[in-house]
Amino acid sequence: ASKMSGRHQFASLLCICIAAYFLFTDSPTIRHVDQKLSLSEKEVLASQQLTNGATPKSNVSMDLNVDYGNQSPEEEEYLKDKVKFSEEHPDEAVRIHLKRKAMRQAALRKEYEEKKAELLARLSETNRARNVVIAILTIIVLVTVLIDFTAHKIHAMSSHFSKPVIETLFKELTVLGCIALLVFMSVKTGLPQQISTAIFGTPSELVEMFDMAHILLFLIVVLFVTLVGCTLWRFKRYCDEWEKFELFAIQNAKTEKSISELFTSPEFEGVSREVKCYCVMRHSFLNPPLKISHKALDSSFRFSQYLKECTTETFNEMVQVEPETWGIILLLIVLARFFMMIPHEDVKIAVFLLLGILLLAIMIIMRNKLLDIYMMLVRYDGHIAEGTMVPFYISRAREDDRQSLTTAEEKGWFYKLCNGTRNPNPQERLFWFGISGPHVMMHIIRTCSFLGSVYFSLFVFRFGEDLVTRAAHTVTLLIMAILCPSIMMYYYLPQVMKLYVLVTSIEMMRRRKTVHTVEMEIKARRKFFVTRLLHTLRGYARRILKLEKLSRDAETSHLSEIKDVFEMFERECRERSGTRYIPRSDVQAFFHQIGMVIEDHEVEDLVLELGDGLNGILFEQTVDYLGGFSSEYLTDQMIDAIFVDIDRENKNPHKKFDNEITEDEFCTKLSQLNPFFDVNSPANGAEELLDWLDWAIINHKINVITKQEVYETEQGGQETHTTRVLTPLTFRSLIKLGSQA
């Protein structure tokens, strides 16, 4: 077998060598054609030299026939004696000379185009030309496949947080592709060549400008996409901080401490002001005063998730370059005409530096204004804890109205232009331009970011070579010119975006559609979580009571529907003959079809739980799992058995069978039963379990008590921990009421 394999490899290598020889080596007939082509290439080279004003080589014969048309008497006299005619009629001699020179150049260009067309026609008949065409097409196809694969990979790896922004950025790149196609088609029509001949006297000048402008535009948009992507990547740090602040706020709410204690109690002196402001924002958002909203949100509402959704919407709005931004670009193009008139190169660099400083100054002003608005919105004066008094910025707006002697009808045209027919609310008054303020600020942020991309692109095109060819003071100016916009994009832009998201997403400007979306996502995830929880508890109770499996009719009333959907996705298992299962790739689609939304990272847990070692899920385990949809089949006997077993396994002998279990003991037991609830689970099951406990206890007003427990640390010390205690009655209420998600 090894000998046959070696022969096959040798034969394959020999075939490849023969194919390469015939692919890139021409026959004697073709070489004869190439010799003729080399003569044509020399003639074309001579034509190019004449077009550029150079003298052709002596070994190339150039018999150029120029048709000057009917000659006037002045031209005939000029041809007889050019020196005498130039002395007697200098202006006329110059005119005739320029006219004949232009006609000679036109004839030369015409002959050049004819010889070029003849050369290309002959070249297309060679194997070398055909091979190059095939090679170019192959490379284009491979690059297209590579780009498409990379785009799909980026889209698949992107999170729910960044996916809408990435889709919008791909749309912008698609627009660039359309622009490239239009530029290519316009060049192929020959119109730019004709215009270039009329303006510059040569057909290639305008075409080269077209190509340069197109490449510059492509570089601008690519840099803009890259800068937005980097900003979004850096913004993830703020999102992680919001998650930490959310956990702190939830823990603080569990202890039933008021917001005022965050600012007055010595216990919270080490807590940063940013965390305190976040708690104030969250409390006011979940329990808004009547002047802001009549609906108090559920205690399980994840304010950090809401801010993430608002961030995605804001970045999605930012990357969509609007016509106003292009209008500002057109205005700057007009100003660039005056920039081109500056004679000294160092003065141009200084002006370029001032533009970078201006962009940085605008972003600093935006940051300071948004920070003032944010501090005004989260200012705490003791009223937020009660939720009955109006916030500070509303009371301040009322005070300004009482002191103002001008009515809305007496405002000027600019006020009406910014606010339209209605008066701005107290939060909108904090912005420049009133009602139009948030939109204007977003427009400024977007324009400054886009101009930053334009700035970097022009720097590369216009001053890139000066970094290595100019003097030391010029290089210093160039470094300073690139430093200011770099600081703006790296340091100030993420801060401005963070403050903009906060001040346009809370209080009177809460995004109700986003709130509804987050609520629906939380309810869907809670329903899915309760299903997994009940499935785990029912299996646990069966093992304790040694019960047989419940009948399928008792487990779920939708068995026939689930079976039909399962048959749509099931495949024959190759590893086990006679076994049919749903492969991992279709698990998410199956659950979506039966009305359950699961995330990508939860698929792996489901496969481990319902696959019995296969890379998919089985029907029996899936039906048993989906039986957890109904809580009525988790009987009181099963709930009590679970409680007694957890209480019996208490490591402290003095606390066994004391009719009390803590939430820590309950969570620990669940993590032992199902890895989904483990702290190290990639699906964050432990965090979801704590969220479910908080929601069930608070929403259903389950009367639980809290107590302090002392734990031994790894360093040998002791640590005090606050936990909630469940009795048999409260545990039964928790499971029954909490399963009604």
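Here, every reference points to the structure presented above.
Observations regarding the overall build of the chain
Assigned secondary structure in the chain consists of 29 helices and six strands. Across the chain, every contact between residues at least 6 apart in sequence was considered, and the portion connecting residues at least 24 apart equals 69%. Carbon and sulfur atoms make up 60% of the accessible area of the chain, which amounts to about 42,800 Å² in all.

Section: the sheet that holds strand 2 (residues 580-583)
Two modes of strand pairing occur in sheets, parallel and antiparallel, and in both the strands are linked by backbone hydrogen bonds. Reading across the sheet, the three strands line up as 1-2-3 and stay open at both edges, with antiparallel pairing between neighbours. For this open sheet the edge positions go to strand 1 (571-572) and strand 3 (616-618), each flanked by a neighbour on one side alone. Bridge count between strand 2 and strand 3: three bridges; the pairing is antiparallel. By the bridge assignment, Y581 is partnered in strand 3 with L618. Against the sheet, helix 23 (residues 584-593) contacts strand 1, strand 2 and strand 3, and its axis sits at roughly 85 degrees relative to strand 2.

Notes on the environment of A524
You can see A524 is positioned in helix 20 (residues 512-545). Its relative accessible area of 30% is what places A524 among the partly exposed residues. When the C-alpha atoms of A524 and M596 are compared, they prove to be 7.3 Å apart, with 72 residues separating the residues in sequence.

Observations regarding the packing of aromatic side chains
Taken as a whole, this structure holds 28 aromatic pairs when the rule is applied. Where F301 meets Y306, the ring centres are 6.2 Å apart and the plane angle is 50 degrees; that geometry is what we call tilted. Exposure class is identical for F301 and Y306. Each is buried. Here F566 and F619 contribute two aromatic rings whose centre-to-centre distance is 5.2 Å and whose plane-to-plane angle is 75 degrees, an arrangement assigned as edge-to-face.

A word on the nonpolar core
One broad trend across soluble globular proteins is that nonpolar side chains are buried collectively. One finds W242, F285, F301 and Y306 to be the most contacted residues of the largest nonpolar core, which totals 74 residues. The element contributing the most residues to this core is helix 19 (residues 472-503), with twelve residues. If we skip the residues at most four places from it in the chain, Y306 touches F285, F301, S505, R510, R511, T514, V515 and V518. Listed in part, the 32 residues of the second largest apolar core include L533, I661, L693 and L726.

Comments concerning the state of the cysteines
In this structure the tally under the stated criterion is zero disulfides. The thiol of C279 is unpaired, and the distance to the nearest cysteine sulfur, on C277, comes to 9.3 Å.

Parameters at a glance
Residues numbered from 1 in each chain as written. Predicted model: local features only at pLDDT ≥ 70, side-chain atom pairs only at ≥ 80, totals over all residues. Heavy atoms only, no water. Helix = DSSP H or I, 4+ residues; strand = E, 2+ residues; numbered from the N terminus. Contact = heavy atoms within 4.5 Å. Areas by Shrake-Rupley, 256 points an atom, 1.4 Å probe, with all protein chains shown as cover. Pairing = 2+ DSSP bridges. Axes fitted to C-alpha atoms, helices over the stretch in contact; angles between N-to-C directions. Buried < 20%, exposed > 50% of the residue type's maximum accessible area, 1.4 Å probe, protein only. Phe/Tyr/Trp six-rings, centres within 6.5 Å; stacked < 30°, edge-to-face > 60°. Core = buried A, V, L, I, M, F, W, Y, C linked by side-chain atoms within 4.5 Å. Disulfide = S-S within 2.5 Å.

From the geometry alone we can't say anything about function, so treat these as descriptive.
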